[in-house]
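# Fold and geometry: a report
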Amino acid sequence: MAAREAVVTVRLVRSFEHRNFKPVVFHIVSLDQTVQDFVQLVRDDIATRPGLPPPFKTFAYDTMKIIHQAHGAKTNELVMSLEDDENLILQDNQTLRAAGVANETEVAFFRREDYSVYKANPQIAW
């Protein structure tokens, strides 16, 4: 695999409170594309991906955040860490590489409004 391409796992997060998420693996992801282009690629892919439950296909995802890098420490949070948003939330105008995405990176894809509500009061609904 070339250094410009990577395997990236995208965790589709529908609900933080209910820990409702589904991981989807993307192979041969160009690290030189912008975050905005990658977000669109993921949206287009999940809309038609077989085996993915319909609620995940139509959810209004709008934000990506790095959860885990290969060979790095993982968070104790089951969905994703609530810390270091300034460095880990991907900005649309950056390339994936500039945003810190590398081979075998795992990113969360979620609705920013839901994340803000959950971060203000991180309660689990079971």
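Described in the following lines is the structure provided in the data block. (Residues numbered from 1 in each chain as written. Predicted model: local features only at pLDDT ≥ 70, side-chain atom pairs only at ≥ 80, totals over all residues. Heavy atoms only, no water.)

This next bit is on unusual backbone geometry. Although it is not a glycine, R19 sits at a positive phi angle of roughly 55 degrees. Along the chain, R19 turns up in the loop between β1 (5–15) and β2 (20–30). Phi is positive for E104, which is not a glycine, with a value near 65 degrees. Turning to its location among the elements, E104 is positioned in the loop between α3 (85–88) and β4 (105–110). For E104, a relative accessible area of 48% corresponds to the partly exposed category. (Helix = DSSP H or I, 4+ residues; strand = E, 2+ residues; numbered from the N terminus. Buried < 20%, exposed > 50% of the residue type's maximum accessible area, 1.4 Å probe, protein only.)

The next point concerns the pairing of β1. Across the 11 residues that make up β1, a large majority, 9, are buried. Strand direction decides the pairing type here: β1 and β2, joined by 9 bridges, are antiparallel. Paired with S15 across the two strands is N20, which belongs to β2. Linking β1 to β2, which pair antiparallel, is a turn of 4 residues; within it R19 sits at a positive phi near 55 degrees. One ladder, built from 5 bridges, connects β1 with β4; its direction is parallel. (Pairing = 2+ DSSP bridges.)

Attention now goes to the packing of aromatic side chains. Between two aromatic rings, the relevant description is the distance of the centres plus the angle of the planes. By the definition in use, this model includes 7 aromatic pairs. A ring pair is formed by F16 and Y118, whose centres lie 5.5 Å apart and whose planes are at 15 degrees; its orientation type is stacked. Within this pair, whereas F16 is found in the loop between β1 and β2, its partner Y118 is found in helix α4 (residues 112–120), the two being separated by 102 residues in sequence. Y118 matches F16 in its accessibility class, with the two residues each being buried. Centre to centre, the rings of F110 and Y115 are 5.1 Å apart; their planes meet at 50 degrees, and the pair counts as tilted. The exposure class of Y115 is buried, given its relative accessible area of 2%. Residue placement shows R11 over the ring face of F21; its charged tip is 4.6 Å from the ring centre. (Phe/Tyr/Trp six-rings, centres within 6.5 Å; stacked < 30°, edge-to-face > 60°. Lys NZ or Arg CZ within 6 Å of the ring centre and 35° of its normal.)

Worth remembering: the numbers are spatial, not functional.
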